[in-house]
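As a plain string of letters, each chain reads:
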Amino acid sequence: MHTQAGQGIPVPVTITNSTNFDPQKTRTPQRMKKVCCIGAGYVGGPTSAVMATKNPDVSVTVVDYNKDRIEAWKTNELPIYEPDLLDVVQHARDPVAKRIPNLFFSTDVEGAIAEADIILLSVNTPTKSMGHGAGQASELCHLESAVRRIGEVATSDKIIVEKSTVPCKAAETVRDILNATAKPGLNFEILSNPEFLAEGTAVRNLLHPDRILIGSLNTPRGLAAARSLADLYASWVDRSRIITINLYSSELAKLAANALLAQRISSVNALSAMCESLGADIDEVSHCVGLDQRIGPKMLKASVGFGGSCFRKDILSLAYIAESLHLPQVADYWRSIVGINEYQKERFTRRIVKCLYSSLSSKRLAVLGFAYKKDTGDTRETSAITVVNNLINEGANVRVYDPLVEEDRVWEEVLASSDRRETVKQRLSVWPSAYEACADADAVIILTEWDEFSNKISGPGDARGRGGDRTKRVLDWSRVAGLMQKPMYVFDGRNVLDAAPLEKMGFRVESIGKGVV
Ligand SMILES: NC(=O)C1=CN([C@@H]2O[C@H](COP(=O)(O)OP(=O)(O)OC[C@H]3O[C@@H](n4cnc5c(N)ncnc54)[C@H](O)[C@@H]3O)[C@@H](O)[C@H]2O)C=CC1
Ligand SMILES: O=C(O)[C@H]1O[C@H](OP(=O)(O)OP(=O)(O)OC[C@H]2O[C@@H](n3ccc(=O)[nH]c3=O)[C@H](O)[C@@H]2O)[C@H](O)[C@@H](O)[C@@H]1O
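Residues numbered from 1 in each chain as written. Chains lettered and ligands numbered in written order. Predicted model: local features only at pLDDT ≥ 70, side-chain atom pairs only at ≥ 80, totals over all residues. Heavy atoms only, no water.

Caption draft 1: Structural view of the packing of aromatic side chains. Applying the stated criterion to the full structure yields seven aromatic pairs. Judged by centre distance (5.4 Å) and plane angle (45°), the rings of Tyr233 and Trp236 are tilted. On the numbers, 5.6 Å between centres and 90° between planes, the contact of Trp477 with Phe507 is edge-to-face. Of this pair, Trp477 sits in helix α17 (residues 477-483) while Phe507 sits in strand β16 (residues 507-511), placing them 30 residues apart in sequence. Per residue, the accessibility class of Trp477 equals that of Phe507, and both read buried. In this structure, Arg479 is placed above the aromatic ring of Tyr435, and the distance from its NZ or CZ to the ring centre is 3.7 Å. (Phe/Tyr/Trp six-rings, centres within 6.5 Å; stacked < 30°, edge-to-face > 60°. Helix = DSSP H or I, 4+ residues; strand = E, 2+ residues; numbered from the N terminus. Buried < 20%, exposed > 50% of the residue type's maximum accessible area, 1.4 Å probe, protein only. Lys NZ or Arg CZ within 6 Å of the ring centre and 35° of its normal.)

Caption draft 2: Examining the pattern of salt bridges more closely. Using the criterion set out here, one finds 28 salt bridges in the structure. A salt bridge links Glu276 to Arg351, with the nearest nitrogen and oxygen atoms 3.2 Å apart. Placement of the pair is Glu276 in helix α9 (residues 247-278) and Arg351 in helix α12 (residues 328-355), with a sequence separation of 75 residues. Like Glu276, the residue Arg351 is buried in the burial classification. Residues Glu422 and Lys425 are paired through a salt bridge, measuring 3.3 Å at the closest nitrogen-oxygen approach. (Salt bridge = Lys/Arg side-chain N within 4 Å of Asp/Glu carboxyl O.)

Caption draft 3: Structural view of the sheet that holds strand β13 (residues 428-430). Taken together, the six strands give an open sheet; going across it, the order is β13-β12-β11-β14-β15-β16, and neighbouring strands pair in parallel fashion. A single partner strand is all that each edge strand has here, and the edge strands are β13 and β16. Taking each pair of neighbouring strands and ignoring which way they run, the sheet shows an average axis angle of 20°. With three bridges joining them, strand β12 (residues 397-401) and β13 adopt parallel strand pairing. In the sheet register, Val400 faces β13, and the bridge partner there is Val430. In the packing of helix α14 (residues 407-416) onto the sheet, contacts are made with β12 and β13, and the angle to β13 comes to roughly 160°. (Pairing = 2+ DSSP bridges. Axes fitted to C-alpha atoms, helices over the stretch in contact; angles between N-to-C directions. Contact = heavy atoms within 4.5 Å.)

Caption draft 4: Spotlight on the site of ligand 2. Around ligand 2, the structure places 20 residues, and the nearest of them are Leu197, Ser303, Cys310, Tyr372 and Arg494. For ligand 2, an oxygen atom lies 2.8 Å from a polar atom in the backbone of Phe196. Within the side chain of Lys254, one N or O atom sits 2.8 Å away from an oxygen atom of ligand 2. Compared with its free state, where it exposes 690 Å², ligand 2 has 89% of that area covered by protein. (Near = heavy atom within 4 Å. Polar contact = N/O pair within 3.5 Å; in protein donor to acceptor, adjacent residues only side chain to side chain. Areas by Shrake-Rupley, 256 points an atom, 1.4 Å probe, with all protein chains shown as cover.)

Caption draft 5: Quick peek at the site of ligand 1. Near ligand 1 you find 27 residues, and of these Val43, Asp64, Arg69, Thr125 and Lys313 are the closest. Asp64 places a polar side-chain atom, nitrogen or oxygen, 2.5 Å from an oxygen atom of ligand 1. With respect to ligand 1, the side chain of Glu199 contributes an N or O atom lying 2.9 Å from a nitrogen atom. In the complex, 93% of the free accessible area of ligand 1, which totals 840 Å², lies under the protein chains. A total of three residues in the shell around ligand 1 trace back to one element, the largest contributor, which is helix α5 (residues 141-153). Residue classes in the shell around ligand 1 are distributed as nine nonpolar, eleven polar and seven charged. (Nonpolar A, V, L, I, M, F, W, Y, C, P; charged D, E, K, R; others polar.)

Here is the structure:
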């Protein structure tokens, strides 16, 4: 193996016998198309891995200034947990047989930018935490810094692709920065190509996307750039699913999709509050409503509230855009989706307090699940942060168990959002198994829908890969019953339990949106 100049990227070389060397017979190898992805996170890593796997003749380099993250991507202990991701990464990163490696991870951001034909911007775009628009607008400083770097480093034309979720018209910002920083004479085409994967199913979503959106300017160069990107996807996605549209429609469509998905959950959660008073069952209501083909069955599961790094921030971003367009009613409409989500978390806590005789003082509560959804170790914006803090503020001792989330992560998240840090330190604990968390507990509270906690699923849970056996455990509820204080309450914030068999064991089961008739 040899190394390409300045890149540290191994490429195979052919050793030629110098006596037989005939320059006329050697073909200049066709230059491999090069993609650089800036941002090695939940989107950049999996997207690049799938793109590289499906395009063996394209070199894909993922760069990030976070050295630890990049080093982890080079190992078999990937920095994020996603079912089947390691297989896809290995396929392109450490191929066997005749394939040459075409997926690389590096901290050499400048080097990869300089070499690239296409640059995917997959940096984080969180909610602004300070200044104008704090708590609402998207923070574009990471995007800006990546684009500045491109402008400073580029010596050839590039296609710049917004994969990050950005406010509508962000492409104008990107263009403005490039115009100001890049060398004269270079051409940059900016495309919007939002990502729709969901964590826990990222590989499946990337391999079988509902659609690929590519937004471009309606100019010959813009359309040509869109075609280049479409060609990469066409290696594995049917052309009929690759939609090329207006640049700004594409940017807005991403925010709209997340807002509409979250809106369904908030609608169902609002109904769940009604069900509890009316003696109706939200699972039955959702099922019946979802049978209408115009509505469909997905994203109608009542819960303790949606979490994750994107729904809240993207809705707030949409609302902020509406407000800046002087459309306050529209902004209020979008914000109400987040409002119901907050209400759902508070409502869930209040129910726990009420059932436990209106006081949690010194009570032991086992929290099962801390991730914002199953099959991920991601805790960003998880509802568990709010619920755990609320319980601690009510005086409870909270004992957390999650099959995948690291102990440090739980501490960081709870402490970061508490204004009573010393109290948290006294009352929070994290345990390596559900049984240890449940020991002597007055109540069990399910906050993530891990298969392990459900008594509806027979056999081991279906999460695979990193986390090994921990994600395949099955909770023995009769053993839990033997460990708990009496009466034994279970608050099912994810409706993963069939209450009847548990009630036979003596549990009092409180589910979301299930009223007592
Ligand atoms: N997490 C998800 O499931 C999805 C996220 N998105 C969007 O994709 C974007 C990225 O999200 P995630 O991957 O979750 O974020 P992340 O936080 O996991 O990864 C972003 C990475 O970018 C790196 N970075 C930031 N600025 C950089 C710079 N100037 N140079 C080099 N590296 C830089 C960070 O160090 C970090 O590792 C966001 O806009 C998000 O809204 C879209 C669809 C799904
Ligand atoms: O832009 C993004 O980041 C992504 O956001 C979501 O993906 P994700 O947040 O990973 O996961 P979802 O499955 O959408 O779940 C989000 C939250 O809603 C909750 N949820 C989901 C579905 C449901 O019916 N009920 C419900 O409470 C989940 O438990 C989780 O807390 C979208 O589904 C993706 O299409 C999008 O690309």
